[in-house]
Amino acid sequence: MTRPHPLRSALFAQHGLIGVFTTRQGGISPPPGNSLNFAPVAGSGAEHVAENLRLLRLSTGLSRSPIRLRQVHGDRIIAIDERNPSGIKGDAMFTGQANLPLAIQTADCLPILLADPGSGLIAAIHAGWRGTALGIAAQTVRRLRRAGARAERILASVGPCIGPCCFTIDTPCAEALARRTEHQPFIRRLAQKFQADLAGMNIAQLCTEGLISAHIEHIQRCTCCEAEHFFSYRRDGDAAGRQLAVVVRPSCS
Ligand SMILES: [Zn+2]
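Residues numbered from 1 in each chain as written. Predicted model: local features only at pLDDT ≥ 70, side-chain atom pairs only at ≥ 80, totals over all residues. Heavy atoms only, no water.

## A few points about the environment of Leu-69
Okay, so step 1: Turning to its location among the elements, Leu-69 is positioned in strand β3 (residues 67-70).
Okay, so step 2: For Leu-69 and Ser-232, which are 163 residues apart along the polypeptide, the C-alpha to C-alpha distance reads 20 Å.
Okay, so step 3: For Leu-69, the residues in contact, after removing those within four places along its chain, are Ile-78, Gly-87, Ile-88, Gly-90, Asp-91, Ala-92, Met-93 and Ala-103. (Helix = DSSP H or I, 4+ residues; strand = E, 2+ residues; numbered from the N terminus. Contact = heavy atoms within 4.5 Å.)

## Let's talk about the layout of surface pockets
Okay, so step 1: Roughly 400 Å³ of volume is contained in the largest pocket.
Okay, so step 2: Where the lining of the largest pocket is concerned, the elements lending two or more residues are β7 (102-106), α3 (129-133) and α7 (233-236).
Okay, so step 3: Residue classes in the lining of the largest pocket are distributed as seven nonpolar, six polar and four charged. (1 Å grid on protein atoms, 1.4 Å probe; cavity = no way out; pocket = protein on both sides within 12 Å on 5 of 7 lines; lining within 4 Å. Points joined across faces, edges and corners; volume = space filled by probe spheres on them. Nonpolar A, V, L, I, M, F, W, Y, C, P; charged D, E, K, R; others polar.)

## Some details on unusual backbone geometry
Okay, so step 1: Look at the link from Pro-31 to Pro-32: it is a cis peptide, with omega at 5°.
Okay, so step 2: Relative to the helices and strands, Pro-32 resides in the loop between β2 (18-21) and α2 (46-60).
Okay, so step 3: The backbone phi angle of Asn-99 is positive, close to 60°, even though this residue is not glycine.
Okay, so step 4: Mapped onto the fold, Asn-99 is located in the loop between β6 (92-95) and β7.
Okay, so step 5: Of note in the backbone geometry, Asp-108 takes a positive phi value of approximately 125° without being a glycine.

## Let's talk about the sheet that holds β3
Okay, so step 1: Strand order in the open sheet made by the six strands is β1-β2-β15-β7-β3-β5, with mixed pairing throughout. In this open sheet, the two strands that pair with only one neighbour each are β1 (7-8) and β5 (88-89).
Okay, so step 2: Across five bridges, β7 lies against strand β15 (residues 243-248) in antiparallel orientation. Each bridged residue has a counterpart across the sheet, and for Ile-104 the counterpart in β15 is Ala-245.
Okay, so step 3: Contacting β1, β2, β3 and β15, α2 crosses the sheet at an angle of about 45° to β15. (Pairing = 2+ DSSP bridges. Axes fitted to C-alpha atoms, helices over the stretch in contact; angles between N-to-C directions.)

## Some remarks on the pattern of salt bridges
Okay, so step 1: Within this structure, the stated rule accounts for eight salt bridges.
Okay, so step 2: The shortest N-O distance in the salt bridge between Asp-81 and Arg-83 comes to 2.5 Å.
Okay, so step 3: Among the salt bridges present, the one from Arg-150 reaches Glu-152, with a minimum N-O distance of 3.0 Å.
Okay, so step 4: The exposure class assigned to Glu-152 is partly exposed, which follows from its relative accessible area of 37%. (Salt bridge = Lys/Arg side-chain N within 4 Å of Asp/Glu carboxyl O. Buried < 20%, exposed > 50% of the residue type's maximum accessible area, 1.4 Å probe, protein only.)

## Describing the coordination of the zinc ion
When four donors bind a metal tetrahedrally, each ideal donor-metal-donor angle is 109.5 degrees, and when six bind octahedrally, the ideal angles are 90 or 180 degrees.
Okay, so step 1: Around the zinc ion, the protein contributes the donor atoms Cys-165 (SG), Cys-166 (SG), Cys-222 (SG) and Cys-225 (SG), at 2.3 Å from the metal centre.
Okay, so step 2: Considering all four donor atoms around the zinc ion, angles at the metal cover 102 to 119° and the coordination shape is tetrahedral.
Okay, so step 3: Counting residues between consecutive donors of the zinc ion along the chain gives the motif C-C-x55-C-x2-C. Residue Cys-166 is found in the loop between β10 (155-158) and β11 (168-169), and its partner Cys-225 is found in the loop between β14 (216-218) and α7; the two are separated by 59 residues along the sequence.
Okay, so step 4: Its relative accessible area of 49% is what places Cys-225 among the partly exposed residues. (Donors = N, O, S within 2.8 Å, 3.2 Å for Na, K, Ca; no water. Tetrahedral: all angles 85-135°; square planar, octahedral: opposite > 155°, others 65-115°.)

## A word on the side chain of Asn-37
Okay, so step 1: Mapped onto the secondary structure, Asn-37 falls in the loop between β2 and α2.
Okay, so step 2: Residue classification places Asn-37 among the buried residues on the basis of a relative accessible area of 0%.
Okay, so step 3: Discounting chain neighbours no more than four positions away, the residues touching Asn-37 are Ser-29, Ser-44, Val-49, Asn-52, Phe-231, Gly-241 and Arg-242.

## Re the nonpolar core
In a soluble, globular protein the nonpolar side chains are often hidden away together inside.
Okay, so step 1: Ile-112, Leu-114 and Leu-206 are the most contacted members of the largest nonpolar core, which totals 38 residues.
Okay, so step 2: For this core, the secondary-structure elements that each account for two or more residues are β6, β8 (110-116), β9 (121-127), α4 (136-146), β10, α5 (171-178), β13 (194-196) and α6 (198-208).
Okay, so step 3: The leading source of residues in this core is α6, at five residues.
Okay, so step 4: If we skip the residues at most four places from it in the chain, Leu-206 touches Ile-112, Leu-114, Ala-137, Val-141, Ala-156, Val-158, Leu-211 and Ile-216.
Okay, so step 5: Within the second largest apolar cluster, 22 residues are counted, among which are Phe-21, Ile-78, Ala-115 and Ala-245. (Core = buried A, V, L, I, M, F, W, Y, C linked by side-chain atoms within 4.5 Å.)

## Some thoughts on the sheet that holds β9
Okay, so step 1: Spatial ordering of the open sheet is given by β4-β6-β9-β8-β10-β14, a layout of six strands whose pairing is mixed. Each edge of the sheet is formed by a strand with only one pairing partner; in this case those strands are β4 (77-79) and β14. Within the sheet, the average angular offset between the axes of one strand and its neighbour, ignoring direction, is 15°.
Okay, so step 2: The strands that α6 touches are β8, β9, β10 and β14; relative to β8, the one it contacts most, it runs at about 25°.

Structure representation (structure tokens):
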């Protein structure tokens, strides 16, 4: 029987944490959003998503389904505890609770997982171009610091997203991104458009906030190039499913 084989963060595993990024393989959703789709889109119903979550929990040892947000390409950061239901509007979240998995869904946007082993805080961030322009990664680091994290201890796992190979943007979008100076090396002018490195810009934000480069893991996979492995909104439009990025601190770590 097929089952999910998500990409696992080696950096988080070294610290007793779980950070995973699903691929599209190992689920039960029908085409076009086949097969490990985590949103009720592209031919999947709620029953497909529920079964895919069950399969993911089995393959990763999650004790419960992850908390999810209603992602809106903004910069609202939500503090999560056991009382929070899924579906709160926001694009980043954090918690200090063990065994409480947090999940971000994407189909080209960048998922970033953070963890500070010293304080036990973890975070999950959804960074599309709008969130990136708003500095959501930098803001989340600051929010974690206010909650007791230290930047030089924070680990970051930067997941699969649309790569610079496929991410062309128009002038207004390039201008919005270039307002943060640390982004500028990651925006390149083409003949008519611009090419942008979404992961590069967000990693630059993390470094600006004081993260150590050895604490930043970058899983360099392009969701748009790799049709067999990832959903991509730019490639497939409304036929695109959604993959998940999940972080959790097991209570024994
Ligand atoms: Zn690509």
